[in-house]
Amino acid sequence: MKKRIIIAVVAVVATVAATLILTTGRVPVLAEGFGIMESEVEFRNVYPGWSGSAPLTIICGQDRDRLFWVSAQAANERKLRDGYELFPVEHYSWIAIPRPQTGEWFEVEAGDHLRLTVTLTMPEWADYHGKETEVRIRVQEVNLEGLVQLAVESRWYIITAEEQSA
Amino acid sequence: MTQLKRTALSLVLAVALVVAFTAPALGANPTVSITVTAEVVAITNTQATWGIGTVAVDAVVYFSATGAQDDDYSQIENTGSVAVDVEIQGTNIEGGDYDWTLAAAAGSETYSLYANKQATPTVYDVEVKSSTYVDIATNLAASGTNDWSMKFTAPTGFNAADDGNEKSATVTLVASKYVA
């Protein structure tokens, strides 16, 4: 009985901790380089006329300020989630990535982070039912001088609802 | 790093947090769910620049401080909290009067670029392409590293009018969560 109570308490604490992390916006610190905080995002049962958003948190390492470019990119076909297909390029307009307030790129200071909200909207007219697709949201450092450029990607899975019968 | 690990551990607790959105009251519309997996995807790479210098026809130059073969010249580190795949893509070399196309084998106005993998460091068999990404490291664990380099082969011929012109290209390393 005591053991069960302890397990239950641990579960509650874990749940609260997890919730706090996402709601209080605690972001890890990177000593060098950069990264993102959302490795995968799955939208399930998307239907025509629906719109929803997911966060994209860019973390800039403490070593220096950086410029970033954010875009939707095709996944490598060999790397798709099992059974999934590429999200069609012609539907990339469904994905709205915020633009920087000034300039072409997002600027993030050393040791800081930037929270963006990326929105998926399936148009009312879209005839795209019962699909399991993958697309990548890429964050690339804009390095104007280097040969080797670095980028990280969030794997987005977009699963559309089956067609509704009338 | 310790703070990252601590935070990463906490983030594991948040994995697969499901935020359910109730669809607008449209009757037949289904409920849409958005699942965000909170794991940090991050990498670093130690060497970013490569001044190849003046090259002759058919020249072979390695990504290193001297141009000689140095199999572990650069190092990718997974600084995130989750295992990643790292892929590589190149571009044509642009500038001057003629661009050089990236291809599997050097040719006229065409160059090739191959990378090595840590598992077989002396074998440069990762063909860097401009059309797609190819693996340079797979399932690279958090805090794991991967040494790498590249082998450049200059065109077998190029127009003399292009002599002395400066050209440039980029190579992009992309990391994403490893999924078995």
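Residues numbered from 1 in each chain as written. Chains lettered and ligands numbered in written order. Predicted model: local features only at pLDDT ≥ 70, side-chain atom pairs only at ≥ 80, totals over all residues.

## Quick word on the overall build of chain B
Argument step 1. Within chain B, the secondary structure is distributed over 1 helix and 12 strands.
Argument step 2. A buried classification covers 36% of the 180 residues belonging to chain B. (Helix = DSSP H or I, 4+ residues; strand = E, 2+ residues; numbered from the N terminus. Buried ≥ 20, exposed ≤ 12 C-beta atoms within 10 Å, placed from the backbone.)

## Examining the overall build of chain A
Argument step 1. Scanning chain A from N- to C-terminus turns up 1 helix and 9 strands.
Argument step 2. Along chain A, helices (α) and strands (β) appear in the sequence α-β-β-β-β-β-β-β-β-β when read from the amino end.
Argument step 3. For chain A, buried positions account for 32% of its 166 residues.
Argument step 4. Long-range contacts, defined here as pairs at least 24 residues apart, represent 76% of the contacts in chain A between residues at least 6 apart. (Contact = placed C-beta atoms within 7 Å.)

## So, the confidence of the model for chain B
All names here are of chain B.
Argument step 1. For chain B, the average pLDDT comes to 86, and 84% of its residues sit at 70 or higher.
Argument step 2. Low pLDDT, under 50, characterises residues 8-26; the stretch is placed with 40 contacts to residues that sit more than four places away or in other chains.
Argument step 3. The ipTM assigned to the predicted complex is 0.84, against a pTM of 0.84. (pLDDT = per-residue confidence, 0-100.)

## Comments concerning the interface of chain A and chain B
Argument step 1. Every contact between the two is made by 48 residues of chain A and, on the other side, 50 residues of chain B.
Argument step 2. Looking at the side of chain A that touches chain B, the elements that each hand over two or more residues are α1 (2-24), β1 (34-46), β2 (51-60) and β9 (148-160) of chain A.
Argument step 3. For the side of chain A that touches chain B, the element with the most residues is β1 of chain A, which contributes 13 residues.
Argument step 4. With 9 bridges connecting them, β1 of chain A and strand β2 (residues 32-45) of chain B associate as antiparallel partners. Each residue of the ladder has a partner; that of I36 of chain A, found in β2 of chain B, is V41 of chain B. (Pairing = 2+ DSSP bridges.)

## Quick look at the confidence of the model for chain A
Residues and elements named next belong to chain A.
Argument step 1. Chain-level pLDDT for chain A is 86 on average; 83% of the residues reach the 70-or-more range.
Argument step 2. Confidence scores differ between elements of chain A, with α1 showing the lowest mean pLDDT of 44 and strand β5 (residues 95-96) the highest of 98.
Argument step 3. Ignoring residues within four places in sequence, the model shows residues 3-24, a span with pLDDT below 50, making 14 contacts including any to other chains.

## What to know about the nonpolar core
Argument step 1. Core analysis: the largest hydrophobic core is formed by 71 residues, its most contacted members being V46, I58 and I59 of chain A together with I43, V86 and L173 of chain B.
Argument step 2. Each of two domains, domain 1 (1-38) and domain 2 (43-177) of chain B, supplies a minimum of three residues to this core.
Argument step 3. Residue contacts for L173 of chain B: discarding those within four places in its chain leaves V148 and L150 of chain A together with I43, N45, I76, V86 and I88 of chain B. (Core = buried A, V, L, I, M, F, W, Y, C linked by C-beta atoms within 7 Å. Domains from an automatic or database assignment.)

## Points about the pairing of β2 of chain A
Residues and elements named next belong to chain A.
Argument step 1. Both β1 and β2 contribute to a ladder of 3 bridges, which runs antiparallel. Paired with G35 across the bridge in β2 is I59.
Argument step 2. As judged from the 9 bridges shared by β2 and strand β7 (residues 113-121), these two strands associate in the antiparallel manner. Residue pairing across strands places T57 opposite R115, the latter belonging to β7.

## A look at the environment of A151 of chain A
Argument step 1. Positionally, A151 of chain A belongs in strand β9.
Argument step 2. With 23 C-beta atoms packed within 10 Å, A151 of chain A lands in the buried category.
Argument step 3. Residues A151 of chain A and T102 of chain A, spaced 49 residues apart in sequence, show a C-alpha to C-alpha distance of 22 Å.
Argument step 4. Excluding residues within four positions of it along the chain, A151 of chain A makes contact with R138, V139 and Q140 of chain A together with T172 and V174 of chain B.

## Examining the pairing of strand β4 (residues 74-78) of chain B
All names here are of chain B.
Argument step 1. Only one face of β4 is covered, namely the one carrying S74, I76 and N78; the face carrying Q75 and E77 has none of its residues buried.
Argument step 2. Sheet analysis places β2 next to β4, joined by 3 bridges and oriented antiparallel. Note on β4: the bridge partner recorded for I43 is N78.
Argument step 3. Across 4 bridges, the pairing between β4 and strand β10 (residues 145-148) is antiparallel. Counted as the bridge partner of Q75 is D147 from β10.

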